[in-house]
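Examination of the molecular architecture
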Amino acid sequence: MRAGAVSCRLMPPASAHPRPEAPLDRTGATDRIRVVGAREHNLKNISLDLPRDALTVITGLSGSGKSSLAFDTIYQEGQRRFMESLSSYARQFLGQMEKPKVERVDGLSPTLCIDQKTVNRNPRSTVGTITEISDHLRLLMARLGTPHCTTCGREIATLAPGQIADAIMREAPDARLHVLGPIVRDRKGAYRKELREALADGYIRAVVDGTMRRLDEDLDQIKLARYEKHSIELVVDRLVARPDHRARLVEAITHGLRLGHGVVTLLVEGSDGQISHRAWSSERACPDHPDVSIPEMEPRLFSFNAPQGACPRCSGIGWLEDFDLDLLIDPDLPFDQALLPLPADDQRLPFSSLSRPLLREIAQGLGVDLGAEEAPPWRDLSDAQRRVLLTGSAKAEAPIRFTVTREYDGRKSTSSRVWKGLLTSIEHCWHFSRLKRLEAYRRRITCTACKGKRLKPLALAVTFQGATISELSSMSIDDARAFFAAVALPPQSRAVGAPILQELRSRLDFLDKVGLGYLSVDRSAATLSGGEAQRIRLAGQVGAGLQGVTYVLDEPSIGLHPRDQSRLLDALTELRDRGNTVLVVEHDAMTMARADHLIEIGPGAGREGGQVVAQGSPRQFLAAEPLRRATCAASCGSPCPPTDVRATERWWCAAPEPTIWTASTCPSAWAPSTWSRGYPGPASPAWSWTSSLRPSERTFAGSREAPARPAIRPASTTGSMASIRSTRSW
């Protein structure tokens, strides 16, 4: 057979000592991937050619060696070569990757794996971050967004230096001012050169990371960590905010705006001695509320994964975990027993002084009547008493104090403390102990600061076409496609906005092609199914526009509706048409019919697999139909149903009782090895479409994922280990 030709051949079952195949042609062809001597797992020293820039499907029985060839050999070898291409410095952090058991793999391009197992459970990962839609939305808002005042909602206007000076003197009259020009704002670097140049230009003082430093005296002592973020502000002038100093203040603000590229900061020392740090922008400030100014609009301002844009209360997650009062307190119990996490034996809660005797002592200070045999229930307490018990009395005019006695090494010490409340004590206990029994009283609540939108008010005050970035992210893929399809940019914005909109539209269109139009952009990746996550990662790869890459996919049709399956195949062919090699491990007949090249691994599973049973195009597999039927009849005497590569057919077999009923698509509808071992039933089974279960029969649902624990074995999973233990117990 000449080099590069494909064939469809039938191979005999594997023997106990397989003979190595004849070596392939060693000419350096660039139109194929050549695997020589693959012996990983149950692969029996196989050698084969895979066409490049084509859609290749590897099929066969479960356990026949498909994944061993695709993932453990081809993909593993590609990853190993990538690791070896890195420097020795980078490899010491990544470790070494073991070479797969293969003689050689020629013509292999960089490999990427898209499977259903690596679903990111990080709460910060969303559909938008995986597909880079969120990145383009942030860029769109930073370049074409319209800022608004966070107080009144009015569009931000430009402020002149005189307006900034008037606002300062109106808000802080007679205050001592330090006018600062920021030259570095939250950037990494050492900045030794910038500080020396500032001293040469005549600047004597600078605020470095919030600390005032003298450049003429402390320049050699200022050492900034290179890989940490720093802020450097040069002191332009020091003066008092008085009307006779207005001209000087305007000049200093103008100079500070020039240094800060439109941003000036001031240290304002009031009459009470407190110092506040204020920032003003000459381009983005509200005329009615001059203190509200939008900083330079950068993409990180709209990112909930960056400190510049994340909500400070929830850190950009959108929710908080806190104790629920409805779970913590039973109002029908006496007040000293209503707090359910408290130990029942009057012992104190770990890492706190909270106990039932302490609650009775605090209640006595609140005037609660303790003369009865049993303390009054929680619901009978007044609102003021319940508030003090929950939040403490530190802010009261006469705070309630209690005595704490501690014993260390036989010595007792007594101290007086202010009652800070039940919630504070429980939070302190949870912070230091993480008691398991306290988890039952916690629940996830939406962040009260950002209302679940994850961003700061400044980021949520910027709109594009009347919508904020949070509103755009909460849209479904279908709604977002319709929104951006209707956007018409003005002529002055087309040069900047047209490429961004084009990228957004292409990514949204692809997500709709693979049947994910119902998902929202801000949908958490932890809530996605395996099939959804795989298609989203595939959308991200198509949107990246890579060429010359070998993609390895693991059964992408699992769980898909036939309509969505055709869309997925269109996406795979689009990936192939861009100049990539797509290698798919699949059982589905529709996927195999759309393939450029088919490879069946078999003929059986486990020890009986690991060989190339047949390979070629779908048309060549169909040409082998008479031989397939003859092999099936000779093996089990069962007539095989006709195969149609245009659709997936389901066949049901009626067998004598008792029996095991199966309903599935044949793993390889065209390969003889599958059918020769697929049904060992009677000589003339009756093929039919219907069956009924008796009321006494039960059905079970099996998961495709195997348990991940190393102690799990097939014997323990199937229950046979229990029988083995019972026979050995005597």
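Below: a short report on this structure.

Parameters and conventions
Residues numbered from 1 in each chain as written. Predicted model: local features only at pLDDT ≥ 70, side-chain atom pairs only at ≥ 80, totals over all residues. Heavy atoms only, no water. Helix = DSSP H or I, 4+ residues; strand = E, 2+ residues; numbered from the N terminus. Buried < 20%, exposed > 50% of the residue type's maximum accessible area, 1.4 Å probe, protein only. Contact = heavy atoms within 4.5 Å. Areas by Shrake-Rupley, 256 points an atom, 1.4 Å probe, with all protein chains shown as cover. Core = buried A, V, L, I, M, F, W, Y, C linked by side-chain atoms within 4.5 Å. Pairing = 2+ DSSP bridges. Axes fitted to C-alpha atoms, helices over the stretch in contact; angles between N-to-C directions. Phe/Tyr/Trp six-rings, centres within 6.5 Å; stacked < 30°, edge-to-face > 60°. Lys NZ or Arg CZ within 6 Å of the ring centre and 35° of its normal. 1 Å grid on protein atoms, 1.4 Å probe; cavity = no way out; pocket = protein on both sides within 12 Å on 5 of 7 lines; lining within 4 Å. Points joined across faces, edges and corners; volume = space filled by probe spheres on them. Nonpolar A, V, L, I, M, F, W, Y, C, P; charged D, E, K, R; others polar. Salt bridge = Lys/Arg side-chain N within 4 Å of Asp/Glu carboxyl O. Polar contact = N/O pair within 3.5 Å; in protein donor to acceptor, adjacent residues only side chain to side chain.

**Some thoughts on the overall build of the chain**
The helix and strand tally for the chain stands at 24 helices and 24 strands. Within the chain, buried positions represent 44% of all 730 residues. The long-range share in the chain, meaning contacts at least 24 apart out of those at least 6 apart in sequence, stands at 70%. Counting every atom, the chain has about 39100 Å² of accessible surface; 51% of that belongs to carbon and sulfur.

**Concerning the nonpolar core**
General note: in soluble globular proteins, nonpolar side chains tend to be found buried as a group. Of all hydrophobic cores here, the largest spans 67 residues; its most connected members are Phe302, Phe464, Phe484 and Leu538. Setting aside its immediate chain neighbours within four residues, Phe464 contacts Leu140, Met141, Leu144, Phe483, Phe484, Val487 and Leu489. Formed by 30 residues, the second largest nonpolar core is a distinct cluster that contains Leu339, Trp419, Trp430 and Leu438.

**Section: unusual backbone geometry**
In this structure, Pro603 follows Gly602 across a cis peptide bond, with omega equal to 0°. Structurally, Pro603 is set in the loop between β21 (597-602) and β22 (611-616). Backbone geometry at Lys451 places phi at a positive 60°, although glycine is not the residue there. Tracing the chain through its elements places Lys451 in the loop between β16 (442-446) and α13 (457-460). Relative accessible area serves as the criterion here: at 60%, Lys451 is assigned to the exposed category. Non-glycine residue Arg454 carries a positive phi angle of around 75°. Within the secondary structure, Arg454 sits in the loop between β16 and α13. What makes Arg454 buried here is its relative accessible area of 12%.

**Description of the sheet that holds strand β6 (residues 146-147)**
Note on sheets: strands pair through backbone hydrogen bonds, and any given pair is parallel or antiparallel. Read across the open sheet, the 3 strands follow the order β6-β17-β18; overall the sheet is antiparallel. Taken across any chain shown, the strands that pair with only one partner, and hence form the sheet edges, are β6 and β18 (467-468). Sheet analysis places β6 next to strand β17 (residues 462-464), joined by 2 bridges and oriented antiparallel. Paired with Pro147 across the strands is Val462, a residue of β17. Helix α4 (residues 133-144) contacts β6, β17 and β18 of the sheet and is inclined by roughly 100° relative to β17.

**Observations concerning the environment of Leu257**
Of note, Leu257 is situated in helix α8 (residues 246-259). By relative accessible area, Leu257 is classed as buried at 9%. Residues Leu257 and Gly181 lie 76 residues apart in sequence; the distance between their C-alpha atoms is 6.6 Å.

**Re the sheet that holds strand β4 (residues 102-106)**
Taken together, the 3 strands give an open sheet; going across it, the order is β2-β1-β4, and neighbouring strands pair in antiparallel fashion. Two strands lie at the open edges of the sheet, namely β2 (46-51) and β4, each paired on one side alone. When the angles between neighbouring strand axes are averaged without regard to direction, this sheet yields 5°. Note: strand β1 (residues 32-38) against β4, 4 bridges, orientation antiparallel. Looking at the pairing, Ala38 lines up with Val102 of β4. Seen against the sheet, helix α1 (residues 66-85) touches β1, β2 and β4 and runs at an angle of roughly 110° to β1.

**Concerning the packing of aromatic side chains**
Taken as a whole, this structure holds 5 aromatic pairs when the rule is applied. Aromatic side chains Phe351 and Phe432 sit 5.9 Å apart centroid to centroid with 20° between the ring planes, which places their arrangement in the stacked category. One end of the pair, Phe351, is in the loop between α9 (325-328) and α10 (356-365); the other, Phe432, is in helix α12 (residues 422-433), and 81 residues separate them in sequence. Ring centres of Phe483 and Phe484 lie 5.2 Å apart, and the angle between their planes is 90°; on these two criteria the pair is classed as edge-to-face. No difference in accessibility class separates Phe483 from Phe484, as the two residues are buried. Of note, Arg444 hangs over the ring of Trp319, and the distance from its end group to the ring centre comes to 3.6 Å. Between the NZ or CZ atom of Arg454 and the centre of the ring of Phe304, over which it lies, the distance is 4.5 Å.

**Re the layout of surface pockets**
Of the volumes computed, that of the largest pocket is approximately 880 Å³. Around the largest pocket, the lining comprises 32 residues; the ones closest to its centre are Arg185, Asp186, Val263, Pro295 and Glu296. Secondary-structure elements contributing two or more residues to the lining of the largest pocket are β7 (176-188), β10 (229-240), β11 (263-269), β12 (275-281) and α13. Sorting elements by how many residues they give to the lining of the largest pocket places β7 first, with 6 residues. For the lining of the largest pocket, the per-class residue count stands at 12 nonpolar, 9 polar and 11 charged.

**Focus on the pattern of salt bridges**
Under the criterion given, the structure shown has 31 salt bridges. For Lys436, the salt bridge is made with Glu439, and the minimal N-O distance between the two is 4.0 Å. When its relative accessible area of 66% is taken as the criterion, Lys436 is described as exposed. For the salt bridge of Arg578 with Glu574, the shortest nitrogen-to-oxygen distance reads 3.5 Å.

**Some details on the side chain of Ser557**
Tracing the backbone shows Ser557 in the loop between β19 (550-554) and α18 (562-577). At 2.8 Å, the side chain of Ser557 forms a polar contact with the side chain of Glu586. Excluding its chain neighbours within four sequence positions, the residues that come into contact with Ser557 are Gln565, Leu568, Glu586, Asp588 and Thr591.

**Notes on the side chain of Arg507**
Relative to the helices and strands, Arg507 resides in helix α16 (residues 494-513). Look past the residues within four positions of Arg507 in its chain and what remains in contact with it is Thr131, Glu132, Ile133, His136, Gly543 and Ala544.

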